[in-house]
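# Report on the structure
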Amino acid sequence: MALTIRRSEQRGSANFDWLKSRHTFSFGHYHDPDHMGFGPLRVINEDRVAPGGGFPTHPHADMEILSYVLGGALEHKDSLGTGSVIRPGDVQRMSAGTGVRHSEFNASKTESVHFLQIWIIPERKGLSPSYEQKTFDAAEKRGRLRLIGSRDGRDGSVIIHQDVDLYATLLADGETVTHDIAPGRGGWVQVARGTARINGEPVSQGDGVAVTASGTVQIDGTSDAEILLFDMAP
C-alpha cells in the first residue's frame, strides 16, 4: 500500500483578526499546484473562528460542503431558509448545486469555534440545493470507524452526492481500527486531533495521509485522537 503524508506544517494558512485557518489543499490566496485536492476531495480547511466572528453571507455552487465541529458552536444560515447551530458530534452537509448563499458565524461571544470545512466535488453539476444535518455521538465513534457520510445515506449517514464514504473514529492510546481500500479506489486520512500511527507511520493533529493503492489501512491511537477517513473513487 502506498501512503503519502502531508504534514500539518506543510499546509497553507490564513490569519485574520477573527480567523486562523490551515489549508490542506489550495484555497483562497494559497495556491500550490501540487496540492489541488485528492480525487473528488477538493478542500479540507481547519478553521478557528474568534468569538463573534464569522463568514458573512456568500455564494456557492456545484459543491458538496461538509462542516465537522471539533469545539465550540457554529451558527449556519442559508438562502434555503435553513438555520442551525452545529456542535461537536454534528455533521452538516450542504449541496450548493445550482446556487446557494449562506453564512457561518461563531455562535458564542466568549469562546472560539474550531471546525473542519470539507468540500467535495459532486458527481454532476446542476443538483438542486439541499441541506442535511445529523448527530453522531462519541460512543458511536469510540474505537470504531463510524460511517458519517455516503452516497446512499446508509447506516444513518448524511448523503454525499459523490462516490465517497466518510468515516470518523475516536481512538484512545492502544485502540486500533482497520479499513480495506478496494482496488481502483483511494483514501485520505485526516487527523483532526491527537496522535496516532497509520500503517506504522506516526501522525498528529493536522496531518493528512493519501492512500493511492488498495490494501488495509490500520490506524493505531497513541493518544486521544479524532480521525476522519475518506474512501473514494479516483
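Figured I'd write up the structure that's included with this text. Computed from a prediction, not measured in an experiment: that's the story for all the values here. All chains use their own residue numbering, which begins from 1 and follows the written sequence. At least 70 in pLDDT is required for a residue's local features to be given in this predicted model, at least 80 for side-chain atom pairs to be given and counted, and no such filter applies to totals for whole chains, interfaces and linings, which use all residues. The basis for every side-chain value is the complete set of heavy atoms in the structure, and neither hydrogens nor water enter the calculation.

This paragraph deals with the overall build of the chain. In this description a helix means any DSSP run of H or I spanning at least four residues, a strand means any run of E spanning at least two, and both kinds are numbered starting from the N terminus. Of the regular secondary structure elements, the chain holds one helix and 22 strands. Against the compact-globule benchmark of 17 Å for 234 residues, the chain has a radius of gyration of 17 Å, which places it among compact chains. Projected onto its principal axes, the C-alpha positions of the chain cover 45 × 40 × 35 Å. Relative accessibility under 20% of the residue-type maximum defines a buried residue, over 50% an exposed one, and the middle range a partly exposed one, all with a 1.4 Å probe and only protein chains included. Split into buried and exposed, the 234 residues of the chain put 52% on the buried side. Restricting the contact set of the chain to residue pairs at least 6 apart, pairs at least 24 apart contribute 70%. When the accessible surface of the chain is summed, it comes to about 9900 Å², and 48% of that surface belongs to carbon and sulfur atoms. The sign given to each residue is positive for Lys and Arg and negative for Asp and Glu; His and the chain ends receive no count. Think of each charge as sitting on NZ of Lys, CZ of Arg, CG of Asp or CD of Glu. Here the chain carries 24 positive and 30 negative side-chain charges, and the mean point of each set is 3 Å from the other. Our radius of gyration is a C-alpha quantity, and the globule rule it is checked against amounts to 2.2 Å times the number of residues to the power 0.38. The contact criterion used is simple: two residues touch if any of their non-hydrogen atoms lie within 4.5 Å. Reported accessibility uses the Shrake-Rupley method at a 1.4 Å probe radius. Residues are deemed covered only where the shown protein chains occlude them.

With that out of the way, let us pick up the layout of surface pockets. Reported here for the largest pocket is a volume of approximately 280 Å³. In this analysis, the protein atoms alone were mapped onto a 1 Å grid. Cavities are point sets where a 1.4 Å probe fits without being able to get out; pockets are open sets with protein on both sides within 12 Å along at least five of seven lines; lining residues have an atom within 4 Å of a point. As for the largest pocket, its lining consists of 18 residues, and the residues nearest its centre are Leu-19, His-23, Phe-27, Gly-28 and Phe-55. Listing elements by their share of the lining of the largest pocket, those giving two or more residues are strand S2 (12-15), strand S3 (19-23), strand S4 (41-49), strand S5 (54-60) and strand S11 (113-120). Among the residues forming the lining of the largest pocket, the class breakdown is seven nonpolar, nine polar and two charged. Grid points are joined across faces, edges and corners, and a volume is the space filled by probe spheres set on the points. Classification used: nonpolar for Ala, Val, Leu, Ile, Met, Phe, Trp, Tyr, Cys and Pro, charged for Asp, Glu, Lys and Arg, polar for all others including Gly.

Glancing now at the pattern of salt bridges. Just to be clear on terms, a salt bridge is a Lys or Arg side-chain nitrogen sitting within 4 Å of an Asp or Glu carboxyl oxygen. Under the definition given, this model contains 16 salt bridges. We note a salt bridge from Glu-175 to Arg-142, for which the minimum N-O separation is 3.4 Å. On the criterion of sequence distance, the pair formed by Glu-175 in the loop between strand S15 (164-171) and strand S16 (176-181) and Arg-142 in the loop between helix H1 (138-141) and strand S13 (146-150) is long-range, its members being 33 residues apart. The class of Arg-142 is partly exposed, set by a relative accessible area of 38%.

Within a beta sheet, neighbouring strands are joined by backbone hydrogen bonds and run either parallel or antiparallel to one another. Whether two strands pair comes down to DSSP finding at least two bridges between them. Strand order in the open sheet made by the seven strands is S1-S20-S17-S22-S15-S13-S14, with mixed pairing throughout. For this open sheet the edge positions go to strand S1 (3-6) and strand S14 (158-159), each flanked by a neighbour on one side alone.

This paragraph deals with the sheet that holds S5. In spatial order, the strands read S5-S10-S7-S8; together these four strands make up an open sheet with antiparallel pairing. If you trace the sheet from one side to the other, it starts and ends with S5 and strand S8 (83-86), each paired once. Sheet twist, expressed as the mean angle between neighbouring strand axes with direction ignored, is 20°. Helix axes use the C-alpha atoms of the stretch in contact, all axes being lines fitted to C-alpha atoms, and the angles between their N-to-C directions lie in the range 0 to 180 degrees.

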